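Report on the structure
Here are the chains, one letter per residue:
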Amino acid sequence: VLLLSYRLNQRNVSIIRGRARDIPHKDLSRFFSSPHPVTIRYDDPLENLPRQIRFHHTIRKIKEWTEEDEERQQGLWNEEDYEEDEVVLVESYKDMPECKTMHEWQTSQFPTCTVIHEQRLIDKEFGKFLASGAFRQTFEIYDRQTDSPVAMKTIREKRDKYRFTPYYMDRHRIDALIYERTSASPWITDIYAFCGLSGLFEFAGGGTMEDAILDKEEEGQKPFTRIEKLALAVDATSAIADLHTIDSINGYSAMIHGDVKLNQFVRIGNMFKLNDFNRGHLMYWDEKKQESCPYAWDDGHNGNYRAPEEYKVEALSEKVDVFSLGNIIYTIITGSFPFEGTFEGREFSSKEGRKRVKNGEKPPLKKEYRESDNPIDRVFLKAMELCFVYRWQDRA
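Remember, predicted model here, so these are calculated numbers, not experimental data.

Right, let's talk about the nonpolar core for a bit. Buried together is how nonpolar side chains tend to be arranged in soluble globular proteins. Judged by nonpolar contacts, the single largest core of 61 residues is most densely connected at Met 209, Ile 213, Phe 265, Leu 274, Ile 328 and Met 384. With nine residues, the single largest contributor to this core is helix 9 (residues 319-334). Leave out the neighbours within four places in its chain, and Met 209 touches Leu 232, Ala 236, Leu 262, Phe 265, Phe 272, Ile 328 and Ile 332. Core analysis: the second largest hydrophobic core is formed by ten residues, Cys 113, Met 152, Cys 195 and Leu 200 among them.

Another point: the packing of helix 7 (residues 226-245) against helix 12 (residues 375-387). Each pair of packed helices gets described by two things: the angle between the helix axes and the distance between those axes. Across the interface, helix 7 lies against helix 12 with an axial gap of 10 Å and an inter-helix angle of 30°. In this view, helix 7 runs roughly parallel relative to helix 12, as classed from their interaxial angle. Seen from above, helix 7 lies across helix 12 with left-handed handedness. Within the contact between the two elements, helix 7 uses Arg 226, Ile 227, Lys 229, Leu 230 and Ala 233 and helix 12 uses Ile 376, Asp 377 and Phe 380. Along the lines of polarity and charge, the residues of the contact of helix 7 with helix 12 split into five nonpolar, no polar and three charged.

Glancing now at the pairing of strand 6 (residues 136-143). In terms of burial, strand 6 is a largely internal element, seven of the eight residues being buried. Taken together, the five bridges between strand 5 (residues 127-132) and strand 6 define a ladder with antiparallel strand orientation. Residue Gly 127 lies in a different strand from strand 6, and its bridge partner there is Ile 141. With eight bridges connecting them, strand 6 and strand 7 (residues 148-155) associate as antiparallel partners. Residue pairing for strand 7: Arg 136 is matched across the bridge by Ile 155. The hairpin turn running from strand 6 into strand 7, its antiparallel successor, is four residues long, and Asp 147 in that turn takes a positive phi close to 55°.

So, on to the pattern of salt bridges. On inspection of all chains with the given rule, the structure shows 14 salt bridges. Here Arg 173 makes a salt bridge to Asp 170, at a shortest N to O gap of 2.6 Å. Here Asp 170 and Arg 173 lie together in helix 5 (residues 166-181), a separation of three residues that amounts to about one turn. Two residues, Arg 395 and Glu 309, come together in a salt bridge whose shortest N-O distance is 2.9 Å. Of the two residues, Arg 395 is situated in the segment after helix 12 and Glu 309 in helix 8 (residues 308-311); the sequence distance between them amounts to 86 residues.

With that settled, the discussion passes to the sheet that holds strand 6. The antiparallel open sheet is built from five strands, whose spatial order is 5-6-7-9-8. With partners counted over all chains shown, the strands left at the sheet margins are strand 5 and strand 8 (191-195), one partner each. For this sheet the average axis-to-axis angle between neighbouring strands, irrespective of direction, equals 20°. Lying on the sheet, helix 5 is in contact with strand 6, strand 7, strand 8 and strand 9 (198-202); it crosses strand 8 at an angle near 155°.

As a further point, take the environment of Ser 336. Tracing the sequence through the fold places Ser 336 in the loop between helix 9 and strand 16 (341-343). Look at Ser 336 and you get partly exposed, because its relative accessible area is 28%. Between the alpha carbons of Ser 336 and Ile 213 there is a distance of 8.6 Å; along the sequence they are 123 residues apart.

Now for the side chain of Gln 119. In this fold, Gln 119 is placed in the loop between helix 4 (113-117) and strand 5. Its relative accessible area of 11% is what places Gln 119 among the buried residues. A distance of 2.8 Å separates a polar atom in the side chain of Gln 119 from the backbone oxygen of Val 115. When sequence neighbours within four positions are dropped, the list of residues in contact with Gln 119 reads Ile 141, Tyr 142, Asp 143, Met 152 and Leu 200.

Scoring rules and cut-offs
Residues numbered from 1 in each chain as written. Predicted model: local features only at pLDDT ≥ 70, side-chain atom pairs only at ≥ 80, totals over all residues. Heavy atoms only, no water. Core = buried A, V, L, I, M, F, W, Y, C linked by side-chain atoms within 4.5 Å. Buried < 20%, exposed > 50% of the residue type's maximum accessible area, 1.4 Å probe, protein only. Helix = DSSP H or I, 4+ residues; strand = E, 2+ residues; numbered from the N terminus. Contact = heavy atoms within 4.5 Å. Axes fitted to C-alpha atoms, helices over the stretch in contact; angles between N-to-C directions. Parallel < 35°, antiparallel > 145°, perpendicular 65-115°, else oblique. Left-handed = near helix turned anticlockwise from the far one by under 90°. Nonpolar A, V, L, I, M, F, W, Y, C, P; charged D, E, K, R; others polar. Pairing = 2+ DSSP bridges. Salt bridge = Lys/Arg side-chain N within 4 Å of Asp/Glu carboxyl O. Polar contact = N/O pair within 3.5 Å; in protein donor to acceptor, adjacent residues only side chain to side chain.

Here it is, written out as structure tokens:
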């Protein structure tokens, strides 16, 4: 992982023996498969001392994107259902030469690999497995400097051997960059270190917003008051607003989340914060039109919190986050997911819900909400109205 960090962090990592030259991203596999030992030198940011590591050819080769992968992906684009592990994606602006990066930082990274490497993850006293997601697994560990818990996310042991590709390395680079750029926001979790496919993050031991809402519904607890629901909605909305505002140009966002769901908001103290930017995207800019360039993400979008343009596999923008925010507000109000479960005697399924969203339908609301005169309810209804606009170009 230090070698992977080398290319964009030459100020504190240098090759002193071996193939001492800058290596293009696409050529990393040839670099790793070299039969010659390589020695690298880096600076330890904690002790301010130079360190040196010698790598032998124990890492053989990174899986590269091939023509067969491209053909397989083209076939998947037309499939409604498939296994997650069948999908390998490449997003690009290669057909839009007028689109350039919005900011110089979008092509950079700031790895702090020594901080990651010194964590005592395998020590049972200091490390505890918490959960596994689509991209990484999370551990609770204790920071030796502050003696407080932090969250460490790293690749899954058995299933992620194929994720050592330029694409997945860039996924996590973007994830870390978005955390870094949004560190001023109190509604987005903090990042403490990043290296390759791993990172250290602010620890959230209070569960997710999904847990908080559904547990009350399933366990028969006293429901949230309107003020409590409003507080949840303010947390979620403030996080999206900060994400879309920081480093924006003329109202066009520089970065998006791309996967806004209830379980992406985690409780820290008395508030919920947004985390997990594995599907995040850094927007490009059309200087001539003075607007951001839409992008494509062709993975089928089987989730239930997607915007119509995602299900239709059309051009995407930061407005996908806004539509998903509407779904979150809906669940906060009703205690149920959009287009799921039973409503007025009708049974809804997730697959049916996706088709309804694609066709422009909005999730149903009970009469007591639709006709409420309560000012908080009216605010919720107005917010959803702004979020659930069908065309992303007209969305708030």
